[in-house]
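The primary structure of each chain is shown beneath.
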Amino acid sequence: YVEEGKKNGGERLAETTINNNYLSRIKSTIKIGCETAGIDYKLDKAKVTFSSEVPKPRNQIPPDYHTLERIFRKGLATGVLVDALMPLLGFTAGRRLGILSYLRAEDIKPYYGCYVVVPKDIIVSENNDRLIVPVKTAASLNLYVLNNFFVGNGFVGWARKQTGFIFKQLHEGVVSPAGTA
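Worth saying up front: this structure is predicted, and the values here are computed from it rather than measured.

1. Description of the overall build of the protein
Helix and strand counts for the protein come out as eight helices and five strands. Starting at the N terminus and ending at the C terminus, the protein contains elements arranged as α-α-α-α-α-β-β-β-β-β-α-α-α. Sequence separation of at least 24 residues holds for 62% of the intrachain contacts in the protein that already meet a minimum separation of 6.

What follows is the structure in structure tokens.
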């Protein structure tokens, strides 16, 4: 599978994606297994090294003013809430749209006179299914403050009354909500 991807010129996973999305979960699973079996867990101090062929993380350059203006206007023109607010929310919160697609009402909490979002990397549904949120870095799980604009325009009040995902449209009949966002 890996060789086929190389031959076809497929995009490779970056070091941070491998480390944060895969290795950390594998190590956690092994740790839980060791604890359950009563075996000493020896990987706490293990150092992982990557091949020089593994892409290093790229610095992302945020869109410039004209690009943002075009994105916001396109979103407004659709008349669809997710199209209109999600890019603005991503811009003001400094978060990837893929992460915001997993936002739920219980993630928005009042905190010292403002509202914050406390992201999760795993969501448990009503029927106890575990959904892994595609988090790229540990920093993506830091809480962040919502701009008061979202309180004033009614978004926070509306969002906190929702059940399930706030941007439900991105989860209906979609394989990858983050990719769709």
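2. What about unusual backbone geometry?
At Tyr-112, a position not held by glycine, the phi torsion is positive, near 50°. Residue position: Tyr-112 is located in the loop between β1 (108-111) and β2 (114-117). Overall, Tyr-112 belongs to the exposed group, its relative accessible area being 76%.

3. Thoughts on helix α4 (residues 81-93)
Under the 1.5 Å per step criterion, the end-to-end length of α4 is 17 Å for 13 residues, consistent within 8% with the ideal 18 Å. Of all the residues in α4, the buried ones are Val-82, Ala-84, Leu-85, Met-86, Pro-87, Leu-88, Leu-89, Gly-90 and Ala-93. Along its buried surface, α4 packs onto α3 (65-78), α5 (97-100), β5 (144-145), α6 (149-152) and α7 (155-159). Backbone geometry just downstream of α4 places Gly-94 in the positive-phi region, at approximately 70°.

4. Points about the pairing of β2
As judged from the four bridges shared by β1 and β2, these two strands associate in the antiparallel manner. Residue Ile-108 lies in a different strand from β2, and its bridge partner there is Val-117. Counted between consecutive antiparallel strands, the loop separating β1 from β2 contains two residues, among which Tyr-112 sits at a positive phi close to 50°. Across two bridges, β2 lies against β5 in antiparallel orientation. Among the inter-strand pairings, Val-117 is bridged to a residue of β5, identified as Tyr-144.

5. Section: the sheet that holds β2
Strands belonging to one sheet form pairs held by backbone hydrogen bonds; the direction of such a pair is parallel or antiparallel. Spatially, the three strands line up as an open sheet ordered β1-β2-β5, and their pairing is antiparallel. One side of each edge strand has no neighbouring strand; the edge strands of this open sheet are β1 and β5.

6. Comments concerning the side chain of Ser-140
Tracing the sequence through the fold places Ser-140 in the loop between β4 (130-132) and β5. The residues contacting Ser-140, other than those within four sequence positions of it, are Arg-95, Pro-119 and Val-135.

7. Focus on the pattern of salt bridges
In total, this model carries four salt bridges according to the counting rule given. For Glu-69, the salt bridge goes to Arg-73, with nearest N and O atoms at 2.7 Å. Placement of both Glu-69 and Arg-73 in helix α3 is noted, with a separation of four residues, approximately one turn of the helix. Overall, Glu-69 belongs to the partly exposed group, its relative accessible area being 25%. Between Lys-120 and Asp-107 there is a salt bridge, with its nearest N and O atoms 2.7 Å apart. Taken together, the positions of Lys-120 in the loop between β2 and β3 (122-124) and Asp-107 in the loop between α5 and β1 put the pair 13 residues apart, joining distant regions of the chain. The exposure class of Asp-107 is buried, given its relative accessible area of 4%.

The rules we used
- Each chain carries its own residue numbering, running from 1 in the written order of its sequence.
- Under the rules for a predicted model, residues below a pLDDT of 70 receive no local features and side-chain atom pairs below 80 are neither given nor counted, while totals for whole chains, interfaces and linings still include all residues.
- Only hydrogens and water are set aside; all other atoms, that is, all heavy atoms of the structure, feed into the side-chain values.
- Only runs of H or I of at least four residues qualify as helices and only runs of E of at least two qualify as strands under DSSP, and these elements are numbered from the N terminus.
- Residues are treated as being in contact if the distance between any of their heavy atoms lies within 4.5 Å.
- A simple rule labels every residue: compare its accessible area, found with a 1.4 Å probe on the protein chains alone, to the largest value its type can have, and call it buried under 20%, exposed over 50%, or partly exposed in between.
- Expected helix span is given by 1.5 Å per residue-to-residue step, counting one fewer step than there are residues.
- A pair of strands is labelled paired if DSSP reports no fewer than 2 bridges between them.
- Think of a salt bridge as a Lys or Arg side-chain nitrogen and an Asp or Glu carboxyl oxygen that are within 4 Å of each other.

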